Amino acid sequence: MTFEVRNGCFGYKKTVPILKNISFCVESRQVLAVLGPNGVGKTTLLRSMMGMLPWTSGGSFLDGENIRDMTPGRLWREMAYVPQAKPFAFMVEEMILLGRSSRIGTFGTPEKADRERCERAMEELGIAHMRRKLCNQISGGELQMVLIARALCAEPKLLVLDEPESNLDFRNQLIILETIRTLSREEGLCCIFNTHYPGHALRISDRALVLSREGTADFGEPSEVITREIMGRVFKVNVDIVDAQYDGMDYQAITAISLCNT
């Protein structure tokens with residue numbers, strides 16, 4: 001599966017365009033990280049590329065087909081969305097079953113196959129023991145895993161996550177990041193997530209898209225676009241990027257050192 005955005009532009013009426021000529025391509029078993037300062041349009045980009053907000057010009061394409069030409073039911077069987085976590089008064093199992101909506105239909109009821117897929121999603125993410133808990137009575141990290149399981153229930157090819165590791169502690173951030181990488185590598189999904197943390201993009205992504213306040217973007221391999229020069233230009237900070245190793249694992253760490261003078 002290949003997902004592309006070609007020359008995507010978006011702006012609300014009577015305002016300066018937020019996104020200008022955004023283009024990128026990502027495939028199955030790849031992770032794309034979207035970065036940029038607060039208010040730059042990261043969530044707007046996710047919503048535009050999924051068709052929730054219509055591009056002013058340009059388009060989004062699944063395997064070469066413009067998603068505008070796909071019915072909502074067909075589109076949402078191909079992709080799934082994990083929004084920023086908010087508590088809900090549903091039981092965990094009920095919340096995850098909602099992911100089958102695109103396959104059950106508006107007036108349908110879950111059948112055996114739907115419940116089996118729900119069970120498999122819970123088992124894959126290690127949350128089956130929480131099935132009877134209320135979503136507003138579990139931790140933020142647990143809720144994030146529930147929302148990912150809900151998305152997996154749709155059996156998508158493309159998984160889109162909006163700041164999945166925000167507001168979580170170090171351990172839960174790593175759990176979410178490793179889950180995304182595992183879903184990509186082992187389940188064959190194409191995963192796109194936006195993040196405030198360049199280090200997270202360096203850790204798990206195959207491609208990175210860095211949005212600027214001017215509405216443009218740098219796209220490429222993480223090592224090509226998460227650089228001192230681009231981070232300085234976009235975030236207005238001086239950064240240090242170091243190669244390191246821990247327990248036989250090579251990784252890169254990035255730290256903001258000081259504010260840029262210009």
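Structure report, in brief. (Residues numbered from 1 in each chain as written. Predicted model: local features only at pLDDT ≥ 70, side-chain atom pairs only at ≥ 80, totals over all residues. Heavy atoms only, no water.)

## Focus: the environment of Tyr251
- Of note, Tyr251 is situated in strand β12 (residues 249-259).
- Sequence separation of Tyr251 and Lys14 is 237 residues, and the distance between their C-alpha atoms is 45 Å.
- Those residues within four positions of Tyr251 in sequence are excluded, and the remaining contacts are Val242, Asp243, Ala244, Gln245 and Tyr246. (Helix = DSSP H or I, 4+ residues; strand = E, 2+ residues; numbered from the N terminus. Contact = heavy atoms within 4.5 Å.)

## Topic: the pairing of strand β3 (residues 31-35)
- Here β3 lies mainly inside the structure; 5 of its 5 residues are buried.
- Across the two faces of β3 the burial is the same, with Val31, Ala33 and Leu35 and Leu32 and Val34 all buried.
- As paired elements, β3 and strand β8 (residues 190-194) share 4 bridges and run parallel to each other. Of the residues in β8, the one forming a bridge with Leu32 is Ile192.
- Here 4 bridges tie β3 to strand β9 (residues 207-211), and the two strands are oriented parallel to one another. What sits directly across from Leu35, in β9, is Val210. (Buried < 20%, exposed > 50% of the residue type's maximum accessible area, 1.4 Å probe, protein only. Pairing = 2+ DSSP bridges.)

## Description of the packing of helix α6 (residues 140-153) against helix α7 (residues 170-185)
- As a packed pair, α6 and α7 sit with axes 10 Å apart at the nearest point and diverge in direction by 15 degrees. Considering their axes alone, α6 and α7 lie roughly parallel with respect to each other. In this structure, the crossing between α6 and α7 has a hand that is right-handed. Contacts between α6 and α7 pair Gly141, Gln144, Met145, Ile148 and Leu152 from the former with Asn172, Ile175, Ile176, Thr179 and Leu183 from the latter.
- Split by residue class, the contact of α6 with α7 holds 6 nonpolar, 4 polar and no charged. (Axes fitted to C-alpha atoms, helices over the stretch in contact; angles between N-to-C directions. Parallel < 35°, antiparallel > 145°, perpendicular 65-115°, else oblique. Left-handed = near helix turned anticlockwise from the far one by under 90°. Nonpolar A, V, L, I, M, F, W, Y, C, P; charged D, E, K, R; others polar.)

## Some words on the environment of Gly220
- Note that Gly220 resides in strand β10 (residues 217-220).
- For Gly220, a relative accessible area of 8% gives the class buried.
- Taking the C-alpha atoms as reference, Gly220 lies 29 Å from Leu147; in sequence the two are 73 residues apart.
- With residues near it in sequence (within four places) discarded, Gly220 still touches Arg207, Ala208 and Val225.

## Description of the nonpolar core
- Counting residues in hydrophobic clusters, the biggest one holds 51 residues, and the most contacted among them are Ile96, Ile127, Val146, Leu159 and Ile226.
- Here the element with the most residues in this core is α6; it accounts for 9 residues.
- One finds Val5, Met50, Val160 and Leu209 within the second-largest nonpolar core, a separate group that totals 29 residues. (Core = buried A, V, L, I, M, F, W, Y, C linked by side-chain atoms within 4.5 Å.)

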